[in-house]
Amino acid sequence: MPEGDTIHKVAAYLDDALRGQRVEMVRVHPAFGPSMGARVVRRVVSEGKHLFVHFVDGMALRSHLGMYGAWHAYPAGAAWHKPRRQASIVIGGGRRDFVCFNAKEVQWLRSHGFRRTDQGARLGADLIRDGVGDEELLRRIGTFCEPRTPLVDLLLDQRVAAGVGNVYKSEVLFLERRAPLRRVQDLTADALLALYRRAATLLAENLGGGPRTTRFSADGRGRLWVYGRADLPCRRCGAAVRRDPLGMRPRSTYWCERCQV
């Protein structure tokens, strides 16, 4: 699943390409709603893992890539790299077409309508754009999470704070030395906030080009601490890295039992 830094970079790319431009059509897969004719793009922004294309007529198109979605850009009329039946959104006109394939969610909204406002209210602060607001973040943890919620579920809950995905979940817990099944009630407020500060820092450090990196030592031993390293030696202590599907909706989690007591 694309993480918040990926969606932020996609939104910045699309905003640079489309802001102020007239597009001839916005075609949406029938499963998600109607297509629209010519209109002018006002801006493209990300909110956590959601991407919004805002138009000057007050409409907005929200997309969520889920596990398998991706945005592609093609010269007008060029062959696509994926079948047309997989196209969830096509924004066309001019010299390039922008195609979103295999999105999990696509939705038309009015930029200032109730559904758009409600959508924003149900998303926590975007950790890249907004950073960590201590009081609001702790309030959202208390509102949306039970005290027994494990940390693996907390960090992926976009209602608390938006942007953390599966890679950052494992890396943040390792760097903060927290066992993945520790519960919200086991940590102090400062320890909970430290998780999100670490996540915000890592997300911001990955906004440039190149592969995602959470380990910045120039020793040639790898860019990540634990993610994707099941059964390999921990880069900190040498114990074997574990991998198990954990959480209410089980996702692969990587951790070191010795470092994350």
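Source: prediction; values computed, not measured.

**With respect to the environment of Leu123**
Now for step 1: Tracing the backbone through its elements, the reader meets Leu123 in the loop between helix H2 (114-121) and strand E10 (125-126).
Now for step 2: Sequence separation between Leu123 and Gly58 is 65 residues; the distance between their C-alpha atoms is 21 Å.
Now for step 3: In this structure, Leu123 is in contact with Glu47, His50, Arg140, Gln158, Arg159 and Ala162, ignoring residues within four places of it in sequence.

**Looking at helix H3 (residues 134-144)**
Because the α-helix completes a turn every 3.6 residues, residues three or four places apart line up on one side.
Now for step 1: Taken together, the buried positions of H3 are occupied by Leu137, Arg140 and Ile141. One face of H3 carries all of its buried residues, which in axial projection span an arc of 105°. Residues of H3 that are exposed and point over 90 degrees away from its buried face: Glu135 and Gly142.

**Observations concerning the pairing of strand E5 (residues 59-64)**
Now for step 1: Along E5, 6 of the 6 residues are buried, which leaves the element largely enclosed by surrounding structure.
Now for step 2: Of the two faces of E5, the one carrying Met59, Leu61 and Ser63 and the one carrying Ala60, Arg62 and His64 are both buried.
Now for step 3: Following strand E4 (residues 50-55), the chain reverses through 3 residues before pairing antiparallel with E5; Gly58 in that reversal takes a positive phi of roughly 95°.

**Description of the sheet that holds strand E7 (residues 87-92)**
Now for step 1: Spatially, E2-E7-E8-E6 is the arrangement adopted by the 4 strands of the open sheet, whose pairing is antiparallel. Every interior strand has two partners, whereas the edge strands, strand E2 (25-28) and strand E6 (70-75), have only one. Each neighbouring strand pair of the sheet contributes to a mean axis angle of 15°, computed without reference to strand direction.
Now for step 2: Sheet topology note: the E6/strand E8 (residues 96-101) ladder contains 6 bridges and is antiparallel. Across the sheet, the residue bridging to Pro75 is Arg96, located in E8.

**What about the pattern of salt bridges?**
Now for step 1: For the coordinates displayed, the defined rule picks out 18 salt bridges.
Now for step 2: A salt bridge links Asp157 to Arg159; the shortest N-O distance between them is 2.8 Å.
Now for step 3: The partly exposed category is assigned to Arg159, whose relative accessible area is 35%.
Now for step 4: Connected through shared salt-bridge partners, Asp126, Arg129 and Asp130 make up one network.

The rules behind each value
- Residues numbered from 1 in each chain as written.
- Predicted model: local features only at pLDDT ≥ 70, side-chain atom pairs only at ≥ 80, totals over all residues.
- Heavy atoms only, no water.
- Helix = DSSP H or I, 4+ residues; strand = E, 2+ residues; numbered from the N terminus.
- Contact = heavy atoms within 4.5 Å.
- Buried < 20%, exposed > 50% of the residue type's maximum accessible area, 1.4 Å probe, protein only.
- Arc of directions from axis to C-beta.
- Pairing = 2+ DSSP bridges.
- Axes fitted to C-alpha atoms, helices over the stretch in contact; angles between N-to-C directions.
- Salt bridge = Lys/Arg side-chain N within 4 Å of Asp/Glu carboxyl O.

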